[in-house]
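Now for the letters of each chain:
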Amino acid sequence: MKATATLPDLEDVGDFDEQLAAARNKTTNFKADSALLRELGERLVGKPYIALAELIKNAYDADASRCIITLTETRIEVSDDGHGMAEKEFLDYWMTVGTRHKQQSDRSRRLGRRVTGSKGVGRLSAQFLAHRMQLISTAEGSDRRLHAFVDWETAIDTGSLTKAEAKYRIEASDPEIYPGKSPHGTAVILHDLKQVWTEEEITELGRQIWMLNSPIYLFGSNRRRRNDADDFRIVFKTDLPGVDEAFETQLTQALANYQAIIRGRIDRENNRNVSLVTVEFDDETYSEKFECPSYLREADWEIRIYNLSGRQPGGVSVVDMREYFERYGGVTVFDKGFRLPYYGAENDWLELEYDHSHRRNRSKLLPDHLHVARALNDLPTQGRIFGVVNVNTARENRLAEDRRKSSGEFLKIQVSRDRLVANKAFTALKDTVRQSIDYYATLKRRRVAEQVEVVRPSERPESKLRRLRRLVDDALTTYPNDETIASIEAELDDVDASLERVRESDEASRVLLGPLASAGMAALAIEHETRKEMKGVRTKLRKLKRIAKRSELPELNDTAAELSDWVDRLEATRNIFLPMMDVEDREKVEALDCEGVVRTVVANLRPLLGNIEISFDMHEGLYFPPAAYSEWSAILQNVILNSANATLDRDDPKIEISSTIHNRYGLLYVSDNGVGIGDDADEYFKPFARKSKISPERRELGMGGTGLGLTIVEMIAENRNCDVAFVDSGDPAWSTTFELSWRVER
């Protein structure tokens, strides 16, 4: 039997107001330990760029158009051309921890920007980066500047927050220190840095600083118009190695390669909240209006969907795109235009990966009339979306009704400033944004279903042939000696024989293609699952490297680096599946540049080709006949891997790929110095005919040896009016030469 605890009876203590009035009370004041400076600063910040972000936000609130971060071995400088601070502002606001003046005036004084600060503790985060800080600020319209000094360790050691001090003086201003030689602005200089910056850390810092503002231009309160003099720009400078100058250009181009785009916003209609959502595909745009909980008053978002396989527009590498989206993709939240670092690819706050892993196929958030079968099969994963959600927690606070303010049920940011409080307002934001993604998935599934239309012949050719024979028989009965009718009968016999050969060929193709299709679908399914697992592996390896560095375990760091290299090689090997993973590569029929296709296929196969020397001698401007990219990829993969098999046992394996135009025919050659194909070369285009000279090592790799590759090559080539054959190259250096030929149209 469970014992019952005796609870104290406090009813006799009495009413609070009565007791307060009746007693003779003494008065005391709350005190704050100076260690609170560290708690509110250094320990609320987990990463260097978050600490810098707090200083950058102050520059934005000061109507700056430029904020320059400069990193050297000994110091960090953050300077801006904002309106600066006068002495009174420094004393009343900067020196007051937790001041709320930005909540009371939520717009900047000149440009009317929505100010980003709200809790008055952001400036303290500088402790995360350095032991000492120097502040220089010139107010707009003044020729004098304020020069302040803070030693964080000394301030904390005073014991009492009210005794912690900063020293300052007023002196003549020097515009040389502010961006663009502005006569006003603020510069923060951090001395005695707390960490040594490695090349890898500088690369990551530069990328994260660039991501502080929304990379989607014209979205979010900080992105105004292109070339606007008042636009806010962040510049990162350093003379230390590690800055990735190509990152911004490549990621900007990558962001433009989306397949679909989701836009949404929360609005008020008839005293109720609604979310207005549009989904835009290449050829059509859809719109829908949804009911929205009242806990959230304003928000807007833009989410782009990508296909991270196959050739990408703008020359962006698929490998780079996958890396960027793995690290910086997902859906990120921006509060008043600045990124909250908690959200993005590494945090599944919208539960996209969760629903994928649980094989969800029906949305819990969409009304019944929008449901379609298996809708969530088309739900995008974290690794192929990039989205920004823009909120304004300060405005949500002001717009909240009294009852919600008292209960705290409005959208608000934690003191740590990296995430939103997980209350009902946040749940409303999450469900509303996720609802729009489910709406996209439903539309995608519906469009796919509408496009699938199998057209079958209404009548078999054999039936039509039999009717023709009956007509000819009737005519011969009436005109038994008519030579024309007799000729028609002979032609029908030839047609019948041809149909029989077609039937035999179709039967052979079905026998061949059935198992290949099953194997191909299984391979694609495995590739899809592997892609998701690889993302998790990379995340864990990064964590392992951080642990190794923090714990000073060089062997563990080396092992993690070796595993990362292995993952990179595995990722490169999986590129052979890319043409089948991309819908456009599988289905879009177009004339493709011969050299471009060949070099791309070789690049995808490179991890499988070992030390084989590949050379090219390509005719510029030669195009393949119109076909899907996946068709040419299948032909070239089979032929090149056959050549690789043949050269495996050579000490100097070589393959040459060349092309030319001769007598209005395009000719593509693949030559190797392997074991040779011998006599009866044409026999190898038949199913299951194969060369016996394949080494055990190559067979263990699973490369070739099934006897189906050349059959597939011939089948695809004939479908595109091409001829395939083995020919004599005339060069004794090559033992085997494969030829693909087609007529070149004018």
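Everything below is about the structure shown above.
Here the structure is a predicted model, which means the values were calculated and not measured. All residue numbers refer to position in the chain's written sequence, counted from 1. Per-residue local features are limited, in this predicted model, to residues with pLDDT of at least 70; the limit for side-chain atom pairs, both in listing and counting, is 80 or more; totals at the level of whole chains, interfaces and linings are taken over all residues. Computation of side-chain values covers all heavy atoms of the structure but excludes hydrogens and water.

**Quick word on the overall build of the chain**
Point 1. Helix and strand counts for the chain stand at 22 helices and 21 strands.
Point 2. Remark: exposure states derive from per-residue accessible area (1.4 Å probe, protein chains only) relative to the maximum for the residue type, with buried under 20%, exposed over 50%, and partly exposed in between. Looking at the chain as a whole, 44% of its 746 residues qualify as buried.
Point 3. Sequence separation of at least 24 residues holds for 71% of the intrachain contacts in the chain that already meet a minimum separation of 6.
Point 4. The Shrake-Rupley method, run with a 1.4 Å probe sphere, supplies the accessible areas, and residue values consider only the shown protein chains as cover. Taken as a whole, the chain presents about 40300 Å² of accessible surface, with 50% of it coming from carbon and sulfur. Strands here are runs of E lasting at least two residues and helices are runs of H or I lasting at least four, both read from the DSSP assignment and numbered beginning at the N terminus. Whether two residues are in contact is decided by their heavy atoms, any of which lying within 4.5 Å being enough.

**Some thoughts on the packing of aromatic side chains**
Point 1. Each Phe, Tyr or Trp ring, with Trp reduced to its six-membered ring, pairs with another whose centre is within 6.5 Å; inter-plane angles below 30 degrees give stacked pairs, above 60 give edge-to-face pairs, and intermediate values give tilted ones. Scanning all chains against the criterion turns up 14 aromatic pairs.
Point 2. For the pair Tyr 60 and Phe 232, a centre-to-centre distance of 5.3 Å together with 75° between the ring planes defines the contact as edge-to-face. Taken as a pair, Tyr 60 in helix α3 (residues 48-61) and Phe 232 in the loop between α7 (199-210) and β7 (233-238) lie far apart in primary sequence, 172 residues in all.
Point 3. Residue classification places Phe 232 among the buried residues on the basis of a relative accessible area of 2%.
Point 4. Following the ring pairs from residue to residue traces out a cluster consisting of Tyr 342, Tyr 343, Trp 349 and Phe 426.

**Details of a positive patch on the surface**
Point 1. A surface patch of positive charge is lined by Lys 47, Lys 540, Lys 543, Arg 546 and Arg 550.
Point 2. Along the chain, Arg 550 turns up in helix α15 (residues 483-550). Like charges within 9 Å and nonpolar side chains (Val, Leu, Ile, Met, Phe, Trp, Tyr) within 5 Å are joined into patches, using only residues over 30% in relative accessible area that form no salt bridge. Counted as salt bridges are all cases of a side-chain nitrogen of Lys or Arg within 4 Å of a carboxyl oxygen of Asp or Glu. Charged residues are defined narrowly, with Lys and Arg counted positive, Asp and Glu counted negative, and His plus the chain ends left uncounted. Charged side chains are reduced to one point each, which is NZ for Lys, CZ for Arg, CG for Asp and CD for Glu.

**As for the sheet that holds strand β12 (residues 330-335)**
Point 1. Strand pairing requires that DSSP identify at least two bridges connecting the strands. Ordered in space as β10-β9-β8-β11-β14-β12-β13, the 7 strands form an open sheet in which the pairing is mixed. Of all the strands in the sheet, just β10 (285-291) and β13 (338-339) have a single pairing partner and so form its edges.
Point 2. By the bridge criterion, 7 bridges tie strand β8 (residues 260-269) to strand β11 (residues 299-305) in an arrangement that is antiparallel. Bridge pairing in β11 links Arg 265 to Asp 300.

**So, helix α4 (residues 87-94)**
Point 1. Buried within α4 we find Glu 89, Phe 90 and Trp 94. Projected down its long axis, α4 carries its buried residues within an arc of 100°, all on one side.
Point 2. Where α4 is buried, its residues touch β3 (130-138), β4 (144-151) and β5 (167-172). As used here, the arc belongs to the directions running from the helix axis to the C-beta atoms.

**Points about α3**
Point 1. The end-to-end C-alpha distance of α3 is 21 Å, a good match for the 20 Å that 14 residues give at a rise of 1.5 Å each.
Point 2. With 13 of 14 residues buried, α3 lies mostly within the body of the structure.
Point 3. Phi turns positive, to about 65°, at Asp 63, one or two residues after α3. Helix span, as expected, comes to 1.5 Å for every residue beyond the first.

**Examining the sheet that holds strand β20 (residues 723-727)**
Point 1. Read across the sheet, 5 strands follow the order β16-β18-β19-β21-β20 without closing on themselves; strand pairing throughout is mixed. The sheet terminates laterally at β16 (613-617) and β20, the two strands that pair on one side only. Within this sheet the neighbouring strands show an average axis-to-axis angle of 15°, counted without direction.
Point 2. Pairing between strand β18 (residues 654-662) and strand β19 (residues 665-672): 8 bridges, direction antiparallel. Following the sheet pairing, Thr 660 is matched in β19 by Leu 667.
Point 3. Of the strands in this sheet, β16, β18 and β19 touch helix α19 (residues 594-605), which is tilted by about 175° from β16.
Point 4. To get an axis, fit a line to the C-alpha atoms, keeping to the stretch in contact for a helix; angles then go from 0 to 180 degrees between the N-to-C directions. Strands in contact with helix α20 (residues 629-647) are β18, β19 and β21 (736-743); relative to β19, the strand with the most contacts, it is inclined by about 30°.

**A word on the pairing of strand β9 (residues 272-280)**
Where a strand is regular, its side chains alternate between the two sheet faces.
Point 1. Sheet analysis places β8 next to β9, joined by 9 bridges and oriented antiparallel. Residue Ile 262 lies in a different strand from β9, and its bridge partner there is Val 279.
Point 2. Where β8 hands over to β9, the hairpin turn is made up of 2 residues, of which Asn 270 adopts a positive phi near 55°.
Point 3. Once β9 ends, the chain turns through 4 residues before running back antiparallel as β10.

**So, the packing of α19 against α20**
Packed helices, taken two at a time, are described by the angle their axes make and the gap between the axes.
Point 1. The geometry of α19 relative to α20 is characterised by a closest axis approach of 10 Å and an angle of 60° between their N-to-C directions. As judged from the angle between their axes, α19 and α20 are oblique. In this structure, α19 crosses over α20, and the sense of that crossing is right-handed. Together, Val 597, Val 598, Thr 600, Val 601, Val 602, Asn 604 and Leu 605 of α19 and Tyr 629, Trp 632, Ser 633, Leu 636, Gln 637, Ile 640 and Leu 641 of α20 make up the contact between the two elements.
Point 2. For this scheme, ten residues count as nonpolar: Ala, Val, Leu, Ile, Met, Phe, Trp, Tyr, Cys and Pro. Four count as charged, namely Asp, Glu, Lys and Arg, and the remainder, Gly too, count as polar. Partitioned by chemical class, the residues of the contact of α19 with α20 number 10 nonpolar, 4 polar and no charged. Relative orientations are named as follows: roughly parallel for angles under 35 degrees, roughly antiparallel for angles over 145 degrees, roughly perpendicular for angles from 65 to 115 degrees, and oblique for any other angle. Left-handed describes a crossing whose near helix is turned anticlockwise from the far helix through less than a right angle; right-handed describes the clockwise counterpart.

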